[in-house]
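Letter by letter, the chains look like this.
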Amino acid sequence: MRAPGAGTVSLASLALLWLLGLPWTWSAAAAFGVYVGSGGWRFLRIVCKTARRDLFGLSVLIRVRLELRQHRRAGHTIPHIFRTVVQRQPERLALVDAGSGVCWTFAQLDAYSDAVANVFHQLGFMPGDVVAIFLEGRPEFVGLWLGLAKAGIVAALLNVNLRREPLAFCLGTSGAKALIYAVADVSRQLGKSLLKFCSGDLGPESILPDTQLLDPLLKEAATTPPAPPPSKGMDDRLFYIYTSGTTGLPKAAIVVHSRYYRIAAFGYHSYSMREADVLYDCLPLYHSAGNIMGVGQCIIYGLTVVLRKKFSASRFWDDCVKYNCTVVQYIGEICRYLLKQPVCEAERQHRVRLAMGNGLRPAIWEEFAQRFGVPQIGEFYGATECNCSMANMDGKVGSCGFNSRILTHVYPIRLVKVNEETMEPLRDAQGLCIPCQPGEPGLLVGQINQQDPLRRFDGYVSESATGKKIAHSVFRKGDSAYLSGDVLVMDDLGYMYFRDRSGDTFRWRGENVSTTEVEGVLSRLLGQTDVAVYGVAVPGVEGKAGMAAIADPHGQLNPDAMYQELQKVLAPYARPIFLRLLPQVDTTGTFKIQKTRLQQEGFDPRQTSDQLFFLDLKQGHYLPLDEGVYSRLCSGAFAL
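(A) The overall build of the chain, seen in detail. Of regular secondary structure, the chain possesses 19 helices and 28 strands. Within the chain, buried positions represent 56% of all 640 residues. Sequence separation of 24 or more characterises 67% of the internal contacts of the chain that already satisfy a separation of 6 or more. On the chain, roughly 27,500 Å² of surface is accessible, and the fraction owed to carbon and sulfur atoms is 53%.

Rendered as structure tokens:
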């Protein structure tokens, strides 16, 4: 395909004909003929089909950039921006807990967060200190991190599914001085040196030793606004969100105030949201989708956000009707679960005009929109730490966003060719990364500019982890770019489609699972046995299910006994769905586990004579996997 810059042919031809003294109109016509004859018609087609989309995308970028510039120049922070929203509409509902029916107005959320700030200031916490939050999604979760931010304290938002070693690791790497928790089964060996605060009504048996009850402290605290702490404004750290990354245990991604604003504003303007909208958010608040793209609409723009701490397929549309929701959030799995529900009246009685999220499979995209009568699907691509987010703004089925083929330098992201085995970017003779042509899958990268809030990369608390996500001399000599770790493909018009997640992870139940972490846990449980963990595709199921190949040369492994131990140490989404017991696990000369053959064979019993097992969640144990079970799994008869 001819490059978008092919328009220079017509300009050169026009100049030449003008110099030859031909009339202007004849010159223009001749130049146009030369342009079209040399292949420029392809570029004209792109312009005609994408100009409206690209101009709207450009307007979104301009709006977000101007808003951020205004706040940065004024030295504002997220708490300051929230306070202006409160002053504008103090009695409007800010947060609604669909589970309990509790409703908080903007004034109440402001007062609660002021109390949090004053309590921790009185306890001696200083700006820059870190406090970990280990709560399920409810209004208090938002009030806690917002209150800590008012005092200049950085919140570390912990995944409530974490247990034991991974949880201790996240606490340790955050540098937290205190832990606020409301989860019943927190290990009593956790955080002996931490200050601990219990939020909520946990029974005495669930409260850790040396824990202070936070609620009585908040009731006695002043609700007057605290003095603003010294800060760097929008460039200051707001909180940490943990992401599994490509290898190893979870990493703490740094979210600065400008990043929080950018993500929320990007969603608001991309999908033309307005203050009157009511957003339904049943996603975890320790992730950026739920807490920034969702709750951010409340904090930044004053929308009412309805929270449900755990997604319920049977209550989803009832909640939307009850609370007059106009916008809902999803991950791909949510859409699939909703389609599996029996038809009900509420699914057509709602006022939802926009479903916003990521991971909606093209195969069910139109079925979802048509069955539930949702006019707009707002699929987007993004990660907590990335600088190359994008959005599907015009409803292109299957696309997670676009990159303009006309205005390529306005938003410098690119797909580059990689070595499929190592996922390292390939280089040309000049040492630069090689861009992919339309139709070629490649690694998504985004050029870094730390002075531009739309292109900066704040990385992780771990400097070494940050360094691994940066490549140099990508677009041009000496530049830096963020490596997303994701493989996408772009079509002729610039629409992007998610292809796969590179690195040693798989995505299951909306969570990124680190295979290295699961391998470590299994190996320890089994006396340092060789274990290979990988994701396998299951027909008709979103993401990839975890599969563990375990060396069992003597046939002594008891899958059910192992599962009982796994439930204590691994989150539900990280527990392997399939097991493969084999004499030995193949390794390289440097003892790295080889997974390529195992991944290709998957859980198909026709591909191997090794023992295979399948986790039946209803029965709570592993069942032998033969050809009959395999057929039922592939047909969807067994629910995963």
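(B) Representation of the pairing of strand S9 (residues 251-256) within the structure. In terms of residue burial, S9 counts as a mostly covered element, since 6 of its 6 residues are buried. Residue alternation in S9 divides its side chains into two sets, Lys 251, Ala 253 and Val 255 and Ala 252, Ile 254 and Val 256, and both sets are buried. As paired elements, strand S8 (residues 237-243) and S9 share 6 bridges and run antiparallel to each other. Bridge pairing links Phe 239 to Val 255 in S9.

(C) Spatial organisation of the packing of aromatic side chains. Within the structure shown, the criterion is met by 21 aromatic pairs. Summarising the aromatic geometry, the rings of Phe 457 and Tyr 482 are spaced 5.0 Å apart at their centres and angled 45 degrees between planes, so their arrangement reads as tilted. Of this pair, Phe 457 sits in the loop between strand S18 (442-447) and helix H15 (463-468) while Tyr 482 sits in strand S20 (residues 480-490), and the two are 25 residues apart along the sequence. In terms of burial, Phe 457 and Tyr 482 fall into one category: buried. Taken together, the ring pairs connect Tyr 280, Phe 311, Phe 316, Trp 317, Tyr 337, Phe 368 and Phe 372 into an aromatic cluster.

(D) Spotlight on the pattern of salt bridges. Per the stated rule, a full pass over the model turns up 23 salt bridges. For the salt bridge of Arg 353 with Asp 277, the shortest nitrogen-to-oxygen distance reads 2.6 Å. Placement of Arg 353 in the loop between helix H13 (346-349) and strand S13 (354-358) and of Asp 277 in the loop between helix H8 (257-270) and strand S10 (278-281) is noted, with a sequence separation of 76 residues between them. Via salt bridges that share partners, Arg 72, Asp 235, Arg 259, Arg 456 and Asp 458 belong to a single interconnected network.

(E) Here's a closer look at the environment of Ile 550. As for its placement among the helices and strands, Ile 550 is situated in strand S25 (residues 545-551). Ile 550 gets classed as buried once you look at its relative accessible area, which sits at 1%. The contacts of Ile 550, once residues within four sequence positions are left out, are Leu 526, Thr 529, Asp 530, Val 531, Leu 557, Met 562, Leu 579, Arg 580, Leu 581, Leu 582 and Val 585.

(F) Broad picture of empty space enclosed by the protein. In the structure shown here, the tally under the stated rule is 2 cavities of 30 Å³ or more. Volume-wise, the largest cavity comes out at about 190 Å³. Lining the largest cavity are 15 residues, with Gly 57, Leu 58, Leu 61, Phe 402 and Tyr 411 sitting closest to its centre. Among the secondary structure elements, those contributing two or more residues to the lining of the largest cavity are helix H2 (24-74) and strand S15 (390-391). In terms of residues, the lining of the largest cavity owes the most to one element, H2, which gives 4 residues. For the lining of the largest cavity, the class distribution of residues is 10 nonpolar, 4 polar and 1 charged. Empty space within the second largest cavity amounts to approximately 40 Å³.

(G) The environment of Pro 79, seen in detail. By the secondary structure assignment, Pro 79 is in helix H3 (residues 78-88). It is 9.3 Å that separates the C-alpha atoms of Pro 79 and Pro 228, two residues lying 149 residues apart in sequence. Every residue in contact with Pro 79, bar those within four places of it in the chain, is listed here: Leu 146, Ala 149, Lys 150 and His 257.

(H) Main features of the sheet that holds strand S26 (residues 578-582). Here 5 strands make up an open sheet; going across it, the order is S24-S25-S26-S27-S28 and the pairing mixed. Whereas interior strands pair on both sides, the edge strands pair on one side only; in this sheet they are strand S24 (531-536) and strand S28 (621-624). Each strand of the sheet is rotated relative to its neighbour by a mean of 25 degrees, with strand direction disregarded. Bridging between S26 and strand S27 (residues 611-616) involves 4 bridges; their strand directions are antiparallel. Paired with Arg 580 across the two strands is Leu 612, which belongs to S27.

(I) Geometry of helix H14 (residues 362-372). Listed as buried for H14 are Ile 364, Trp 365, Phe 368, Ala 369, Arg 371 and Phe 372. In the core, the buried residues of H14 are packed alongside helix H11 (316-322), helix H12 (332-340), H13, S13 and strand S14 (376-381). One or two steps after H14, the chain reaches Gly 373, where phi turns positive at roughly 60 degrees.

(J) Up close: unusual backbone geometry. If you check the backbone angles, Asn 324 has positive phi at about 55 degrees while not being a glycine. Its relative accessible area of 40% is what places Asn 324 among the partly exposed residues. Positioned with a positive phi, Ser 473 is a non-glycine residue whose angle comes to about 55 degrees. Mapped onto the fold, Ser 473 is located in the loop between strand S19 (470-472) and S20.

(K) Molecular detail of the packing of H3 against H8. Interaxial distance between H3 and H8 falls to 9 Å at its minimum, and their mutual angle equals 50 degrees. Compared by their axis directions, H3 and H8 come out oblique. Listed contacts from H8 to Ile 78, Pro 79 and Ile 81 of H3 are His 257, Tyr 260 and Tyr 261. Its residues placed into classes, the contact of H3 with H8 shows 5 nonpolar, 1 polar and no charged.

(L) Quick look at the confidence of the model for the chain. Averaged over all residues, the pLDDT of the chain is 88; the fraction at 70 or higher stands at 90%. Overall, residues 1-22 carries pLDDT values under 50, and its contacts beyond four positions in sequence, including any with other chains, amount to 31 contacts.

(M) Structural detail: the nonpolar core. Of all hydrophobic cores here, the largest spans 126 residues; its most connected members are Phe 120, Trp 145, Phe 239, Tyr 260 and Ile 299. At 8 residues, the largest contribution of residues to this core is made by helix H4 (residues 106-122). For Phe 239, the contacting residues outside a window of four places in its chain are Trp 145, Val 154, Ala 155, Leu 157, Ala 253, Ile 254, Val 255, Tyr 260, Asn 291 and Ile 292. With 47 residues, the next largest nonpolar core counts Ala 548, Tyr 563, Leu 615 and Tyr 630 among its residues.

(N) Region of the structure containing the packing of H3 against helix H5 (residues 139-150). At a minimum axis separation of 9 Å, H3 and H5 run at an interaxial angle of 115 degrees. One finds that H3 runs roughly perpendicular with respect to H5. Packed against H3, whose contacting residues are Pro 79, Phe 82 and Arg 83, the element H5 presents Leu 146, Ala 149 and Lys 150 at the interface. Class assignment for the residues of the contact of H3 with H5 results in 4 nonpolar, no polar and 2 charged.

Rules behind the numbers
- Each chain has its residues counted from 1, following the order in which its sequence is written.
- Confidence filtering applies because this is a predicted model: local features only for residues at pLDDT of at least 70, side-chain atom pairs given and counted only at 80 or more, and all residues used for totals across whole chains, interfaces and linings.
- Remark: hydrogens and water are excluded; side-chain values derive from all non-hydrogen atoms of the structure.
- Where helices and strands are cited, they refer to DSSP runs of H or I of at least four residues and of E of at least two residues respectively, numbered from the N terminus.
- Per-residue accessibility, obtained with a 1.4 Å probe over protein chains only, is compared with the maximum for each type, and a residue is labelled buried under 20%, exposed over 50%, and partly exposed between these values.
- Contact criterion: two residues are considered in contact whenever any of their non-hydrogen atoms come within 4.5 Å of each other.
- We get accessible surface area from the Shrake-Rupley algorithm with a probe of 1.4 Å; when it comes to residues, only the shown protein chains can shield them.
- Whether two strands pair depends on DSSP finding at least two bridges between them.
- Any pair of Phe, Tyr and Trp rings, taking the six-membered ring for Trp, is counted once the centres come within 6.5 Å. Such a pair is stacked with planes under 30 degrees apart, edge-to-face with planes over 60 apart, and tilted for the rest.
- By salt bridge we mean one thing: a side-chain nitrogen of Lys or Arg within 4 Å of a carboxyl oxygen of Asp or Glu.
- Each cavity reported here is a set of points on a 1 Å grid over the protein atoms alone in which a 1.4 Å probe fits but cannot get out, each pocket an open set with protein on both sides within 12 Å along at least five of seven lines, and each lining residue one with an atom within 4 Å of a point.
- Grid points are joined across faces, edges and corners, and a volume is the space filled by probe spheres set on the points.
- Note that Gly is not counted as nonpolar here; it falls among the polar residues with everything else outside the nonpolar set of Ala, Val, Leu, Ile, Met, Phe, Trp, Tyr, Cys and Pro and the charged set of Asp, Glu, Lys and Arg.
- Geometry is summarised by axes, namely lines fitted to C-alpha atoms with helices restricted to the contacting stretch, and by angles between N-to-C directions that run from 0 to 180 degrees.
- Angles below 35 degrees are treated as roughly parallel, those above 145 as roughly antiparallel, those between 65 and 115 as roughly perpendicular, and all remaining angles as oblique.
- Per residue, pLDDT measures the predictor's confidence, with a range of 0 to 100.
- Think of a nonpolar core as a cluster: buried Ala, Val, Leu, Ile, Met, Phe, Trp, Tyr and Cys residues, connected wherever their side-chain atoms sit within 4.5 Å.

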